[in-house]
Amino acid sequence: MSYHGVFFDFDYTLGDSTAAIAEGYRLGFLALGLDPPTEEQVRHTVGLTLADGYALLTGDHNPERQEAFYHSFQHTVGVEAGGEGRRLMIEGTTLFPGAEELLLALKHAGVRTAIVSTKPGSTIRRIFEHQGRKDLLDLVVGGDEVTQAKPHPQGLRLALERLGLSAEQVLFCGDTVIDAATAQAGGCDFCAVLNGTTKADAFERFPCVHTAPDLAELKRWLKV
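Source: prediction; values computed, not measured.

1. What about helix α1 (residues 18-31)?
- Between its terminal C-alpha atoms α1 stretches 20 Å, which fits the 20 Å expected from 14 residues at 1.5 Å a residue.
- Every buried residue of α1 is listed here: Thr18, Ala20, Ile21, Ala22, Gly24, Tyr25, Gly28 and Phe29.
- Those residues of α1 that are buried are in contact with β2 (15-16), α2 (39-43), α3 (50-58), α4 (63-76) and α5 (83-91).
- Just past α1, the residue Gly33 takes up positive phi, approximately 75°.

As structure tokens, then:
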């Protein structure tokens, strides 16, 4: 294959943290006196920042309420949580079928791999440590390591810089139009992965070199 690096979003691209994210939303909404959203409603917020996810579900753009929800989420299942909530996020997250095989094949092919996500980098690293597969990644750039969230390409550019790659050498894979816009802004080729809630036709307005129904098909397309 022609790429020197293949970078990925995490949630609904490589892994599934739905149970933990839904619990964080449930507890955060209850703390604010709101009826909690359904798991299916929460699924459509995955890939957004917590503030944007809260606003999408409530229509509430009050910064103080968004901040209160953010802190509640982090204290219940996020980076500031302990006990069962944190275990749910780390141990309850699963990798999608084909994820390990794809990352291992890329590693054996000498292709650099990175995750660029809105999810905190420490959380992603702990998930892979729990899976015993931290060795499959060259780099993780989480949302806590940048000042501009996707679709701003700051995280993508940081990953390129740290791995010594140019945008033209890298394929970015993600499950949302936010990821597609990030790749476009960063100058990388983009591959849509249909593991999430975004349908294939949503990507038609973006440059997209391939649309993969799952990670096994992506591996075949990359010929690794």
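Now that the structure has been shown, we can carry on.
2. Thoughts on the sheet that holds strand β5 (residues 139-141)
- The six strands are arranged β5-β4-β1-β6-β7-β8 in an open sheet whose pairing can be described as parallel. Edge positions in the open sheet fall to β5 and β8 (210-212), since each of these has one partner strand only. Geometrically, the sheet is characterised by an average inter-axis angle of 25° between neighbouring strands, direction not taken into account.
- Pairing analysis gives four bridges linking strand β1 (residues 5-8) to strand β4 (residues 112-116), with the strands arranged parallel. Looking across to β4, one finds that Gly5 is bridged to Arg112.

3. Focus: the pattern of salt bridges
- If you walk through the whole model with that rule in mind, you get 13 salt bridges.
- Across the pair Arg133 and Glu100 runs a salt bridge whose closest N-O atoms are separated by 3.3 Å. With Arg133 in the loop between α7 (121-131) and β5 and Glu100 in helix α6 (residues 99-108), the pair connects residues that are 33 residues apart, well separated along the chain.
- Two residues, Arg162 and Glu145, come together in a salt bridge whose shortest N-O distance is 3.7 Å. Taken together, the positions of Arg162 in helix α8 (residues 154-163) and Glu145 in the loop between β5 and α8 put the pair 17 residues apart, joining distant regions of the chain.
- The class of Arg162 is partly exposed, set by a relative accessible area of 46%.

4. Focus on the packing of aromatic side chains
- Scanning the model with the defined rule gives nine aromatic pairs in all.
- Residues Phe69 and Phe73 carry aromatic rings whose centres are separated by 6.3 Å and whose planes lie at 55° to one another, so their mutual orientation is tilted. With Phe69 and Phe73 both in helix α4 and four residues apart, the pair spans about one turn of that helix.
- The exposure class of Phe69 is buried, given its relative accessible area of 0%.
- Here the aromatic cluster, defined as three or more aromatic residues joined through ring pairs, consists of Tyr25, Phe29, Tyr54, Phe69 and Phe73.

5. Concerning unusual backbone geometry
- Note that the residue after Lys150, namely Pro151, is joined by a cis bond; omega there is 15°.
- Not every positive phi belongs to a glycine, and Tyr12 is a case in point at roughly 65°.
- Mapping Tyr12 onto the fold places it in the loop between β1 and β2.
- Here Lys223, not a glycine, exhibits a phi torsion of approximately 60°, which is positive.
- Structurally, the position occupied by Lys223 is in the segment after α10 (215-222).
- Taking the relative accessible area as the measure of exposure, Lys223 reaches 73% and is therefore exposed.

Analysis parameters
- Residues numbered from 1 in each chain as written.
- Predicted model: local features only at pLDDT ≥ 70, side-chain atom pairs only at ≥ 80, totals over all residues.
- Heavy atoms only, no water.
- Helix = DSSP H or I, 4+ residues; strand = E, 2+ residues; numbered from the N terminus.
- Expected span 1.5 Å × (residues − 1).
- Buried < 20%, exposed > 50% of the residue type's maximum accessible area, 1.4 Å probe, protein only.
- Contact = heavy atoms within 4.5 Å.
- Pairing = 2+ DSSP bridges.
- Axes fitted to C-alpha atoms, helices over the stretch in contact; angles between N-to-C directions.
- Salt bridge = Lys/Arg side-chain N within 4 Å of Asp/Glu carboxyl O.
- Phe/Tyr/Trp six-rings, centres within 6.5 Å; stacked < 30°, edge-to-face > 60°.

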